[in-house]
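Observations on chain architecture
One letter stands for each residue in the lines below.
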Amino acid sequence: MNTFDKYLLKKDKLLKRRIEIDSTLYEKLSKLTNVYDASVNKLVNVAIIELLETENVQIYERPKNEISESHNFAIRQSSYEGLEKLRDKYGLSIYKLTNIAIYNALNNKKSK
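I will try to describe carefully the structure that is included in this document. As the structure is a computational prediction, the values presented were derived from the model and not from experiment. (Residues numbered from 1 in each chain as written. Predicted model: local features only at pLDDT ≥ 70, side-chain atom pairs only at ≥ 80, totals over all residues. Heavy atoms only, no water.)

**Describing a nonpolar patch on the surface**
Side chains of Phe4, Tyr7 and Leu8 sit close together on the surface and give an oily, nonpolar patch of about 410 Å² of accessible area. Structurally, Leu8 is set in the loop between α1 (3-7) and β1 (14-22). (Patch = residues over 30% accessible without salt bridge, like charges linked within 9 Å, V, L, I, M, F, W, Y side chains within 5 Å. Areas by Shrake-Rupley, 256 points an atom, 1.4 Å probe, with all protein chains shown as cover. Salt bridge = Lys/Arg side-chain N within 4 Å of Asp/Glu carboxyl O. Helix = DSSP H or I, 4+ residues; strand = E, 2+ residues; numbered from the N terminus.)

The following block contains the structure:
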């Protein structure tokens, strides 16, 4: 693995998708854009990639009265295809899998 492979994602076709994200998760991602040189869209893509690698698909407990908001994302095609495979394997929607990916990434001890 060279230096660029270690820190940068290789190009991939992007699929435009509208996905509901729990509002508290989205707010936390928005705050992270002040820490990392990345947009919310890129942070979501990285979270999805991590979920696909770990397959840590565990339902998290949403806060009471949590609302979900629809957001437009450009999701990497390879990642979206991976989400479709997880959807078929676990019977969870793309929306739920995406929220699980974000939750896992935000609560990963290594990222704190």
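After that view, the rundown keeps rolling.
**Side note on the nonpolar core**
Val44, Leu51 and Ile102 are the most contacted members of the largest nonpolar core, which has 25 residues in total. Leaving out residues up to four positions away in the same chain, Val44 has contacts with Leu29, Phe73, Ile75, Thr98 and Ile102. (Core = buried A, V, L, I, M, F, W, Y, C linked by side-chain atoms within 4.5 Å. Buried < 20%, exposed > 50% of the residue type's maximum accessible area, 1.4 Å probe, protein only. Contact = heavy atoms within 4.5 Å.)

**What about the pattern of salt bridges?**
Overall, the coordinates contain four salt bridges when judged by the stated rule. A salt bridge links Asp22 to Arg62, with the nearest nitrogen and oxygen atoms 3.4 Å apart. Of this pair, Asp22 sits in strand β1 while Arg62 is found in the loop between α3 (40-54) and β2 (68-76), placing the two residues 40 residues apart along the sequence. Residue class for Asp22 comes out buried when judged on its relative accessible area of 2%. The residue Glu55 makes a salt bridge to Lys89 at a minimum N-O spacing of 2.8 Å. Of this pair, Glu55 sits in the loop between α3 and β2 while Lys89 sits in helix α4 (residues 77-90), placing them 34 residues apart in sequence.

In short, shape yes, function no, at least from these values alone.
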